[in-house]
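Working through the structure, step by step
Here are the chains, one letter per residue:
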Amino acid sequence: MSSSVDRSTVDTAAAVERSGPAGPRLRGVVRVSLPLASVAVFIVVWQLVAACHIWNETFVPFPSTVWRAFVETSTTHDGVRGYQGYLLWEHLYMTLRRVLAGVGVGVVVGAAAGLAMGTVGWLRRVLEPWLTFLRALPPLAYFFLLVIWLGIDEAPKIALLALAALPPTAVATTSAVLAAPVGLIEAARALGATRGQVIRDVIVPAAVPETFTGIRIAVGIAYSSVVAAELFNGMPGIGGLVKDASNYNNTSVVLVGIFAIGASGLLIDALLSLIEHRVAPWRGKL
């Protein structure tokens with residue numbers, strides 16, 4: 001009896017060992033295939049809706065029409081270079097440069113403000129209403145004021161994106177600082193750590209994961225403000241491309257711009273998520 005039980009145990013362990021690597025591989029396949037399947041379903045539904053001619057093709061162009069617009073905006077054709085003299089990647093590069101500059105300023109200022117608000121009570125009570133006020137404003141509400149103050153060059157665009165990114169970063173950082181483990185803070189104080197050391201060695205590491213969440217939200221909000229930021233003198237730029245194409249009811253080019261913004265936003269979010277896992281591997285373990 002004992003030998004049969006031992007043999008059964010060994011066989012089960014061997015089976016688990018054989019199937020072990022297949023588990024992660026299967027999960028990886030599922031993780032990749034599900035998004036691709038959803039994209040395929042979306043394109044099929046889009047094609048069917050366009051083929052039914054429920055709406056004019058000006059409003060709902062065929063996927064093939066959008067693909068041709070993508071190719072035309074990405075290449076030189078019939079002597080025309082891209083869209084308005086710039087290739088699609090050049091439009092995207094300028095938009096990403098503006099987003100990087102604006103979000104960079106907003107994130108740095110927002111994280112510093114959030115850390116200060118989380119550690120100094122009276123400062124939080126002073127700044128929190130202003131952050132809430134700014135967070136409630138749509139970008140167009142103050143963009144024209146920025147244009148009056150700063151002109152129509154790059155300054156108002158970067159300022160708008162910075163103002164869009166600052167509140168979510170500050171709010172997330174403040175919340176993360178206030179949620180730092182009290183037990184760890186008290187233990188550090190009991191060991192003789194100064195206030196600065198507690199902030200540096202306990203509060204900041206505990207706040208990093210949620211701050212990254214705020215940064216990811218800030219990037220999304222900044223991206224949603226790109227078209228508004230590039231209303232004036234937005235060429236080259238994806239927002240400028242979308243606005244100019246919409247003036248001529250060029251829906252296919254508008255969709256190309258929208259897909260370019262969305263795809264680059266997905267890549268940036270994935271990059272931020274990867275950086276977060278590298279910088280804060282202790283997330284969820286405190």
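Refer to the structure printed above.
Residues numbered from 1 in each chain as written. Predicted model: local features only at pLDDT ≥ 70, side-chain atom pairs only at ≥ 80, totals over all residues. Heavy atoms only, no water.

**Observations regarding the side chain of Asp244**
Looking at the secondary structure, you find Asp244 in helix H11 (residues 238–247). Buried Asp244, no salt bridge; nearest opposite-charge side chain is Lys243, N-O distance 6.3 Å. Within the structure, Asp244 has its side chain in polar contact with the side chain of Tyr83 (distance 2.6 Å). In terms of polar contacts, Asp244 uses its side chain to reach the side chain of Gln84, at 3.0 Å. Once residues lying within four places of it in the same chain are set aside, the contact partners of Asp244 are Tyr83, Gln84 and Met235. (Helix = DSSP H or I, 4+ residues; strand = E, 2+ residues; numbered from the N terminus. Buried < 20%, exposed > 50% of the residue type's maximum accessible area, 1.4 Å probe, protein only. Lys, Arg positive; Asp, Glu negative; His and termini not counted. Salt bridge = Lys/Arg side-chain N within 4 Å of Asp/Glu carboxyl O. Polar contact = N/O pair within 3.5 Å; in protein donor to acceptor, adjacent residues only side chain to side chain. Contact = heavy atoms within 4.5 Å.)

**Some words on the environment of Ala164**
Note on placement: Ala164 falls in helix H7 (residues 154–178). Among all residues touching Ala164, those that are not within four sequence positions of it are Tyr142, Ile221, Ala222 and Ser225.

**A short note on H7**
Its 25 residues place the ends of H7 36 Å apart at the C-alpha level, agreeing with the 36 Å of an ideal helix rising 1.5 Å per residue. If you look at H7, its biggest bend is around 25 degrees, right at Leu166, and the proline Pro167 turns up within four residues after that. Burial analysis of H7 places 18 of its 25 residues in the buried class, which makes it a mostly covered element. (Expected span 1.5 Å × (residues − 1). Bend = angle between axes of the 7 residues up to and from the residue.)

**As for the packing of H7 against helix H9 (residues 195–224)**
One can describe the packing of H7 onto H9 by two numbers: an axis separation of 7 Å at closest approach and a directional angle of 155 degrees. As the angle between them shows, H7 and H9 are arranged roughly antiparallel. Along this stretch, H7 crosses H9, giving a crossing that reads as right-handed. Across from Leu161, Ala164, Ala165, Pro168, Thr169, Ala172, Thr173, Ser175, Ala176 and Val177 in H7, the residues of H9 making contact are Ile203, Ala207, Glu210, Thr211, Gly214, Ile215, Ile217, Ala218, Ile221 and Ala222. Classifying every residue of the contact of H7 with H9 gives 14 nonpolar, 5 polar and 1 charged. (Axes fitted to C-alpha atoms, helices over the stretch in contact; angles between N-to-C directions. Parallel < 35°, antiparallel > 145°, perpendicular 65-115°, else oblique. Left-handed = near helix turned anticlockwise from the far one by under 90°. Nonpolar A, V, L, I, M, F, W, Y, C, P; charged D, E, K, R; others polar.)

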